[in-house]
Amino acid sequence: MDHQVAALRSELDTFPKRVQEADAQLAGAKAALAAAKELQARDIGERKKIEFDVQQWKDRARKYRDQTAAVKTNEAYKALQHEIANAEAEMAAAEDRQLASMVAGEDAERKVRKAEADLRESETAVNAEKKRIQALHVEKKKQLDAALAERAKALEPVPEDFRVLYERIAKRHHGTGVAEARDGQCRGCGMRVLPHIAEELRREGNEEVFRCESCGLILYTLEPIVPPAAPPSGDSTAGAQPNS
Ligand SMILES: [Zn+2]
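The structure displayed is predicted, hence computed values, not measured ones.

Asks: Lay out the layout of surface pockets with the relevant residues and their values.
Replies: Its boundaries defined by the atoms lining it, the largest pocket holds a volume of some 470 Å³. Forming the walls of the largest pocket are 18 residues, and the residues nearest its centre are Met1, Asp2, Tyr166, Thr176 and Val178. Secondary structure elements with two or more residues in the lining of the largest pocket: helix H1 (2-13), helix H3 (74-155), helix H4 (160-172) and strand S1 (178-182). Here the residues of the lining of the largest pocket are counted per class, giving 10 nonpolar, 4 polar and 4 charged. Each of domain 1 (2-155) and domain 2 (160-220) contributes no fewer than three residues to the lining of the largest pocket.

Asks: Which residues make up the sheet that holds S1, and what are the values?
Replies: Taken together, the 3 strands give an open sheet; going across it, the order is S2-S1-S3, and neighbouring strands pair in mixed fashion. Edge positions in the sheet fall to strand S2 (185-186) and strand S3 (218-220), since each of these pairs with one other strand and no more. Summarising the sheet, S1 and S2 pair through 2 bridges and their orientation is antiparallel. Bridge pairing in S2 links Arg182 to Gln185.

Asks: Now, about the coordination of the zinc ion: what can you tell me, with residues and values included?
Replies: At 2.3 Å from the zinc ion lie its protein donor atoms, namely Cys186 (SG), Cys189 (SG), Cys212 (SG) and Cys215 (SG). Considering all 4 donor atoms around the zinc ion, the spread of angles at the metal, 104 to 112 degrees, places the coordination shape in the tetrahedral class. For the zinc ion, the donor residues sit on a single chain with the sequence spacing C-x2-C-x22-C-x2-C. Placement of Cys186 in strand S2 and of Cys212 in the loop between helix H5 (195-202) and S3 is noted, with a sequence separation of 26 residues between them.

Asks: Break down the domain arrangement of the protein chain for me, with residues and values.
Replies: Each assigned domain of the protein chain is listed with its residue range as follows: domain 1 (2-155) and domain 2 (160-220). The C-alpha-based centres of domain 1 and domain 2 are spaced at 64 Å. Carbon and sulfur atoms make up 47% of the area that domain 1 and domain 2 hide from each other, which totals about 430 Å². Between the two partners, domain 1 and domain 2, sit 1 salt bridge. A salt bridge links Arg151 to Glu167; the shortest N-O distance between them is 3.1 Å. Counting every contact that joins domain 1 to domain 2 gives 3 residue pairs in polar contact (both at pLDDT 80 or more). Breaking the side of domain 1 that touches domain 2 down by element, the ones donating at least two residues are H1 and H3. In terms of residues, the side of domain 1 that touches domain 2 owes the most to one element, H1, which gives 3 residues.

Asks: Please set out the pairing of S1 residue by residue, giving values where relevant.
Replies: Pairing of S1 with S3, which is carried by 3 bridges, proceeds in the parallel orientation. Within S3, the residue paired with Glu180 across the bridge is Tyr220. The antiparallel hairpin formed by S1 and S2 contains 2 residues in its connecting segment, where Asp183 sits at a positive phi of about 50 degrees.

Asks: Can you tell me about the side chain of Asp2, naming the residues and giving the values?
Replies: Along the chain, the position of Asp2 falls in helix H1. If near-sequence neighbours (up to four positions away) are discounted, Asp2 is found in contact with Arg151, Tyr166, Gly175 and Thr176.

Asks: I'd like to hear about the pattern of salt bridges, residue by residue, with values.
Replies: Considering all chains together, one arrives at 22 salt bridges under this definition. For the salt bridge of Asp59 with Arg62, the shortest nitrogen-to-oxygen distance reads 3.6 Å. With Asp59 and Arg62 both in helix H2 (residues 15-68) and 3 residues apart, the pair spans about one turn of that helix. Using a relative accessible area of 34% as the deciding quantity, one classes Asp59 as partly exposed. Salt-bridge contacts for Arg110 lead to Asp107; the nearest nitrogen and oxygen are separated by 3.6 Å. Of this pair, Arg110 and Asp107 both sit in helix H3, 3 residues apart, which is roughly one turn of that helix. Residue classification places Arg110 among the exposed positions, given a relative accessible area of 53%. Via salt bridges that share partners, Asp2, Arg151 and Glu167 belong to a single interconnected network.

Cut-off values and rules
- Residues numbered from 1 in each chain as written.
- Predicted model: local features only at pLDDT ≥ 70, side-chain atom pairs only at ≥ 80, totals over all residues.
- Heavy atoms only, no water.
- 1 Å grid on protein atoms, 1.4 Å probe; cavity = no way out; pocket = protein on both sides within 12 Å on 5 of 7 lines; lining within 4 Å.
- Points joined across faces, edges and corners; volume = space filled by probe spheres on them.
- Helix = DSSP H or I, 4+ residues; strand = E, 2+ residues; numbered from the N terminus.
- Nonpolar A, V, L, I, M, F, W, Y, C, P; charged D, E, K, R; others polar.
- Domains from an automatic or database assignment.
- Pairing = 2+ DSSP bridges.
- Donors = N, O, S within 2.8 Å, 3.2 Å for Na, K, Ca; no water.
- Tetrahedral: all angles 85-135°; square planar, octahedral: opposite > 155°, others 65-115°.
- Buried area = accessible area lost by both parts, 1.4 Å probe.
- Salt bridge = Lys/Arg side-chain N within 4 Å of Asp/Glu carboxyl O.
- Polar contact = N/O pair within 3.5 Å; in protein donor to acceptor, adjacent residues only side chain to side chain.
- Contact = heavy atoms within 4.5 Å.
- Buried < 20%, exposed > 50% of the residue type's maximum accessible area, 1.4 Å probe, protein only.

Following this line, the structure appears as structure tokens:
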């Protein structure tokens, strides 16, 4: 039972990490969306600058055209015409850049929409996964509660001092205080169990607690219990096995 309790506890301990791992799956999709939005913001800033350029060259061209009416000399007029042509050429170039930027803006917008859709999809999958983890968590918790109740019930007939001893040993041995003695070996640590102890363990009516000399676990055996030797005479008291 303690093995079962320990296994359930260590499994329950993994649940927060499982939820974290599920959430971590969202990190990639969130980063992709942030990157797409950043690119879009940069794009919008760029476009505003271009719009400003277009307006500036347009204003300048208008200003020069307005000035042509007041011009007195042919030379000054030519110079103004030159400035107007230059401003208009700059304006046309800025307008070309504006158009290209608008096309790029549509592309950036599409990328943001796509990243948003991807994130939503990831969220749906992760939420489903988290729900599944939570349901499993509830189930494992229920199993642990049942195992603990069963354990408490099994402990009821165990004498207090033995219970205390068991708990003390169990604390140092991954939650269990007992080990099987089989084929002359402690199954907790693999060390030899002395033959007379193995024999005592198998003797019906033995109430003594034997602990492994090496690891300290309380030994028990599943090997057939030897019924007390039938008294050869009329002696009915449970006699100890003759020690060899
Ligand atoms: Zn041992």
